[in-house]
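# Summary of structural features
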Amino acid sequence: MENDNSRTGHQTSRKGRRIARRTTAAAAALVLAALGAAPAVAQQPAGTPGAQHQGTAHGRGILLGITPMAGLDRVDVARFLDAGGMDTGTVRHGLRAYRLTYRTVTPQGAPTTATGLLALPKGGPHRLDLVSDTHGTMAHRDYAPSVGEGFGRFAPYLHASAGRAVAAPDYLGLGKGPGRHPYMDTKSSVTATVDMLRAARTAAQRLGRPLTGDVYASGFSQGGQVAMALGKALGKGVDRHFRLRALAPVSGPYDIEHAETPALFDGRVNDTSAVFYMSYYLTAQSRLHPLYKDPSEAFRKPYAAIVDDLFDTNHTEEEIIPALPATLKELLTDDYYRRLQHLTGGLLAAARAQDGNCAWKPDVPVRLYSSSGDTDVPIANARHCAADLAARGVEAPVIDQGGADHNTTYMKSGPRIVRWFDTVAARR
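Predicted, not measured: the structure shown is a model, and the values here were computed from it. (Residues numbered from 1 in each chain as written. Predicted model: local features only at pLDDT ≥ 70, side-chain atom pairs only at ≥ 80, totals over all residues. Heavy atoms only, no water.)

Glancing now at the overall build of the chain. From N to C terminus, the chain includes 14 helices and ten strands. A total of 428 residues make up the chain; the buried ones form 62% of that total. A total accessible area of about 15,200 Å² is found for the chain, and carbon and sulfur atoms account for 50% of it. (Helix = DSSP H or I, 4+ residues; strand = E, 2+ residues; numbered from the N terminus. Buried < 20%, exposed > 50% of the residue type's maximum accessible area, 1.4 Å probe, protein only. Areas by Shrake-Rupley, 256 points an atom, 1.4 Å probe, with all protein chains shown as cover.)

For any pair of aromatic rings, the description rests on two quantities: the centre-to-centre distance and the angle between the ring planes. Considering all chains together, one arrives at 16 aromatic pairs under this definition. A centroid spacing of 6.1 Å and a plane angle of 75° characterise the contact between Phe276 and Tyr280, whose relative ring orientation is edge-to-face. Linking Phe276 with Tyr280, this pair stays in helix α7 (residues 271-285), spanning four residues, or about one helical turn. The same class applies to Phe276 and to Tyr280, which are both buried. An aromatic cluster is present here, built from Phe80, Phe151, Phe154, Tyr157, Phe220 and Tyr410 joined pairwise through their rings. (Phe/Tyr/Trp six-rings, centres within 6.5 Å; stacked < 30°, edge-to-face > 60°.)

Take the nonpolar core next. With 51 residues, the main nonpolar core has Leu100, Leu130, Met228, Leu368 and Leu389 as its most contacted residues. Considering every element that reaches this core, the biggest residue donor is helix α4 (residues 186-206), with nine residues. What Met228 contacts, discounting residues up to four positions off in sequence, is Leu247, Pro249, Tyr254, Asn357, Cys358, Trp360, Leu368, Cys385 and Leu389. Within the second largest apolar cluster, 40 residues are counted, among which are Tyr277, Ala284, Val307 and Leu332. (Core = buried A, V, L, I, M, F, W, Y, C linked by side-chain atoms within 4.5 Å. Contact = heavy atoms within 4.5 Å.)

Below, the discussion takes up the environment of Leu81. One can find Leu81 in helix α2 (residues 74-83). C-alpha of Leu81 to C-alpha of Tyr157: the two residues are 76 residues apart in sequence and 8.0 Å apart in space. Sequence-distant contacts of Leu81, that is, excluding residues within four places in its chain, are made with Met86, Thr88, Val91, Phe154, Tyr157 and Leu158.

For the rest of this paragraph, the subject is empty space enclosed by the protein. Applying the stated rule across the entire model yields two cavities of 30 Å³ or more. By volume, the largest cavity amounts to about 140 Å³. Looking at the largest cavity, it is lined by 14 residues, and the ones nearest its centre are Ile256, Thr261, Leu264, Met278 and Tyr281. Here the lining of the largest cavity gets four residues from one element, more than from any other, and that element is helix α6 (residues 256-265). (1 Å grid on protein atoms, 1.4 Å probe; cavity = no way out; pocket = protein on both sides within 12 Å on 5 of 7 lines; lining within 4 Å. Points joined across faces, edges and corners; volume = space filled by probe spheres on them.)

A word on unusual backbone geometry. For residues besides glycine, phi is generally negative; the peptide bonds are generally trans as well. Here Lys301 and Pro302 are connected by a cis peptide whose omega angle stands at 0°. The backbone of Tyr171 shows a phi angle near 80°, a positive value even though the residue is not glycine. Residue position: Tyr171 is located in the loop between β6 (165-169) and α4. The exposure class of Tyr171 is buried, given its relative accessible area of 1%. If you check the backbone angles, Thr313 has positive phi at about 75° while not being a glycine. For Thr313, the location among the structural elements is in the loop between α8 (307-310) and α9 (317-323). With a relative accessible area of 1%, Thr313 lands in the buried category.

Okay, structure coming up:
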């Protein structure tokens, strides 16, 4: 469920894993620094929102501000993607990137704000199709696409350089949004993503690159789950301005109850990732579901006293991982360790609130990208999703990237997704 700070699961030490996790992002950041692509700091007022937002509860999707973040020529984009080991054959344009600030709602439905990255190609058609790109697990708010210059920028830059607009939400509580991130709360991630699409529509119009309304949905890890749920929402007509054209999520935890959670305990998820994910998940979900009354019910000493604060969106993985134990057995109380292997009550409700987003019938083509070598989000998740879709008459091939680790799965899949989106678009 990871992103620029994700665990490979194949290093011989925890320190080695942390170093390996940051190599891709660090290389990319060095490229951006060398290119002089430092973000602008002055925020530009967005002006009065368009009429398409009138009547939306709490003004959802209203654009509040546009902040220029980067401007890269085609060669610069290729250099950035190549630094992460990504195929650059689909790079056709340079790009401009902006942070959008917009109105949305909390998991409880109260008004709030969020941010996200809008990337627009330099060149290409005047009216642009839109890619919705939803990112994977991030602990620190500054890793989010509209702020950090690491892994969270690869997908937006990849798709924008191919000639499409890209809306990449930071989600709630990440980037410049207030509060804490409700990690793995798929419902609020979808509302933030839909509202980012609305804000992107307004911003693109103001920036002279209006959108066609066609949406190609993709996302990685946590964002793969969000992409499937977004597709479901768009398919049901959540906003009449947007038409879903294709779905291509990568390594999503589509089945927490039957695939991801069991894998945390049977060795298919590496220990470092298992401890990190479970700590993040329990502390975030405890604010939404009755998982425990006190952290000491779930976490052993001394972790019960510190774990919630570690995931306040102001700590990096380099700070979080050394503060946690090596295994789930050392992290969790005996009772909670057993409960997580046989979900009931609030734990079951939390899992099922995120699951089921493959149990619908898309009327657009779907491809599920994954890897048999992934020890963060095992390929069983994609296979369960494909089975759910097949039960409803939808053939969604699982494209296995072989022995690739979690992050590499996306780096290999991303360019293939761009080419597939090109093929789908050509059929219109």
